[in-house]
Amino acid sequence: MQTEKTKYNIPILAKGMELLEIVSQYPQGLTLAELIAKTDTPKTSLYRILCSFAEQGYLVKDEVTARFSLTHKIFGMAMSSIGGPSLLEYAYDPMRRLRDRLSETVVVGTLTEDRIVILDQIIGSHHFCFTVKPGMSVCLHASAPGKAITAFMDEHERSLMLKKIAYTRYNDNTIACESDFLAQLDLVRQTGYALDLGEELAGVRCIGAPIFNRYGKAVAAVWITGPEGRIPDETIPSHGGAIIDCADEISQKLGYMKM
């Protein structure tokens with residue numbers, strides 16, 4: 001007997017959403033051939049889906065490289081779900097002040113499915129700074145924003161999210177199992193900030209804190225990113241405090257009342 005899920009499943013729609021999720025992980029875009037290899041979908045069906053998304057404004061095709069990439073339309077929808085454009089409007093001034101205070105690049109992002117999508121950044125004031133591309137995404141288990149948001153989910157939501165994490169190991173610093181990840185989340189709740197100590201990219205450190213909406217839900221995160229040499233262990237507590245201050249200011253503008 002068919003289950004409710006199977007009964008009402010629309011295969012072409014499910015395939016389309018799968019394609020969007022895959023493309024979101026490649027800021028430089030993917031060619032038709034690359035997508036065929038990643039999805040094992042017939043070329044004609046796949047091309048029709050891609051063209052449909054392009055016509056609707058969710059994907060754009062680079063005529064030179066023939067790569068399909070996400071537009072900002074998806075991110076606009078995500079922004080609407082957490083209070084409209086006000087998040088970025090409220091975030092820019094606190095982010096600039098944090099940049100001026102710590103000199104590192106400051107980034108803001110939100111959770112989409114099981115990854116953190118980068119919404120925007122304020123470039124650091126050092127001669128050499130890391131930059132990111134709005135629209136790219138990072139995983140939960142090896143990123144400061146991923147830990148910051150997951151740590152403050154309610155127990156049920158966190159339990160569902162944990163089932164989606166593959167614990168891809170990028171280097172020796174990467175968290176490789178659920179028990180270690182949960183231990184990190186406990187620490188985040190104690191300190192109020194989360195760390196990425198070169199867990200995805202060796203030598204790159206990030207410190208982040210959650211942003212809450214008026215209902216107390218962690219809907220985004222703000223973080224700094226910089227080289228390990230400029231963010232040594234002894235600076236982490238003070239930097240973490242500054243980032244919490246920034247996140248709290250944004251949260252208050254969204255209507256959150258900190259207890």
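Each value, and the rule that gives it
Residues numbered from 1 in each chain as written. Predicted model: local features only at pLDDT ≥ 70, side-chain atom pairs only at ≥ 80, totals over all residues. Heavy atoms only, no water. Helix = DSSP H or I, 4+ residues; strand = E, 2+ residues; numbered from the N terminus. Rg over C-alpha atoms; globule rule 2.2 N^0.38 Å. Buried < 20%, exposed > 50% of the residue type's maximum accessible area, 1.4 Å probe, protein only. Contact = heavy atoms within 4.5 Å. Areas by Shrake-Rupley, 256 points an atom, 1.4 Å probe, with all protein chains shown as cover. Lys, Arg positive; Asp, Glu negative; His and termini not counted. Charge placed at Lys NZ, Arg CZ, Asp CG, Glu CD. Salt bridge = Lys/Arg side-chain N within 4 Å of Asp/Glu carboxyl O. Expected span 1.5 Å × (residues − 1). Pairing = 2+ DSSP bridges. Phe/Tyr/Trp six-rings, centres within 6.5 Å; stacked < 30°, edge-to-face > 60°. Core = buried A, V, L, I, M, F, W, Y, C linked by side-chain atoms within 4.5 Å.

Chemist: What is the right way to read the overall build of the protein from this model?
Modeler: For the protein, the helix and strand inventory stands at ten helices and eight strands. Here the C-alpha atoms of the protein give a radius of gyration of 19 Å, agreeing with the 18 Å that 2.2 N^0.38 yields for 259 residues. Taking the principal axes of the C-alpha coordinates as reference, the protein spans close to 55 × 50 × 40 Å. A burial count over the protein gives 48% of its 259 residues as buried. Counted over contacts in the protein with a minimum sequence separation of 6, partners at least 24 positions apart contribute 59%. Total accessible area computed for the protein in this model is approximately 13,600 Å², and 54% of it derives from carbon and sulfur atoms. For the protein, the distance from the average site of its 27 positive side-chain charges to the average site of its 31 negative ones is 4 Å.

Chemist: How should I be thinking about the pattern of salt bridges in this particular structure?
Modeler: Enumeration over the complete set of coordinates arrives at 13 salt bridges. A salt bridge links R205 to D233, with the shortest nitrogen-to-oxygen separation between them at 2.8 Å. In this pair, R205 sits in strand β7 (residues 204–212) while D233 sits in the loop between β8 (218–227) and α10 (236–253), placing the two residues 28 residues apart along the sequence. Overall, the relative accessible area of 9% leaves R205 in the buried class. E249 is the salt-bridge partner of K253, the closest N and O atoms lying 3.7 Å from each other. You can see K253 and its partner E249 sitting in helix α10, four residues apart, about one turn around the helix.

Chemist: Explanation requested: α10 in the structure shown.
Modeler: Side chains of residues three or four places apart in an α-helix project in the same direction, reflecting 3.6 residues per turn. Here α10 contains 18 residues, and its C-alpha end-to-end distance of 26 Å stays within 8% of the 26 Å for a straight helix at 1.5 Å per residue. Of all the positions in α10, only I236, H239, G240, A242, I243, I244, C246, A247, D248, I250 and S251 are classed as buried. Taken together, the buried residues of α10 touch α6 (86–102), α9 (178–191), β6 (194–197), β7 and β8. Residue G255 follows α10 closely and has a positive phi angle near 100°.

Chemist: It is not clear to me how the side chain of N213 should be interpreted in this structure. Could you clarify?
Modeler: Position of N213 among the secondary structure elements: in the loop between β7 and β8. Residue contacts for N213: discarding those within four places in its chain leaves V219, L254 and Y256.

Chemist: I tried to follow the environment of T225 on my own but got confused; where do I start?
Modeler: Relative to the assigned elements, T225 resides in strand β8. For the pair T225 and C129, spaced 96 residues apart in sequence, the C-alpha to C-alpha distance is 8.4 Å. Excluding residues within four positions of it along the chain, T225 makes contact with E104, T105, V107, F130, V204, R205, C206 and I231.

Chemist: I'm lost on unusual backbone geometry in this one. Help?
Modeler: It is generally the case that most residues other than glycine have a negative phi and that most peptide bonds are trans. Within the chain, S103 stands out as a residue other than glycine whose phi angle is a positive 70°. Examined against the element boundaries, S103 turns out to sit in the loop between α6 and β3 (105–112). With a relative accessible area of 19%, S103 lands in the buried category.

Chemist: Would you mind going over the sheet that holds β6 with me for this structure?
Modeler: Strand pairing within a sheet occurs via backbone hydrogen bonds; the two strands may be parallel or antiparallel. In spatial order, the strands read β5-β4-β3-β8-β7-β6; together these six strands make up an open sheet with antiparallel pairing. The sheet is open, and its two edges are formed by β5 (137–138) and β6, each paired on a single side. In terms of strand pairing, β6 meets β7 through four bridges, oriented antiparallel. Residue pairing for β7: L197 is matched across the bridge by R205.

Chemist: In this structure, what is going on with the packing of aromatic side chains? I would like to understand it.
Modeler: Geometrically, a pair of aromatic rings is defined through the distance of the ring centres and the angle of the planes. Under the criterion given, the structure shown has five aromatic pairs. Look at F53 and Y58: their rings are 6.3 Å apart centre to centre, the planes differ by 90°, and that puts the pair in the edge-to-face class. By the ring-pair criterion, three or more aromatic residues cluster together here, those being F152, F212 and Y256.

Chemist: Even after reading the chapter, I still don't get the nonpolar core, so can you show me in this structure?
Modeler: If you look at soluble globular proteins, the nonpolar side chains tend to sit buried side by side. By size, the foremost hydrophobic cluster in this structure holds 28 residues, and its most contacted members are M95, L98, I207, I211, V222, I224 and I243. Contributions of two or more residues to this core are made by α6, β3, β4 (115–122), β7, β8 and α10. The element that contributes the greatest number of residues to this core is α10, accounting for seven residues. Residues within four places of V222 in sequence aside, it is in contact with M95, V106, V107, V108, I207, G208, A209, I211, I243, C246 and A247.

Chemist: Looking at this model, I keep getting lost on α6. Mind explaining?
Modeler: Helix length check: α6 (17 residues) gives 24 Å between terminal C-alpha atoms against 24 Å at 1.5 Å per residue, within 8%. Taken together, the buried positions of α6 are S86, L87, L88, A91, P94, M95, L98, R99 and L102. Immediately downstream of α6, the backbone of S103 shows phi near 70°, a positive value.

Distances and angles like these do not, on their own, reveal function.
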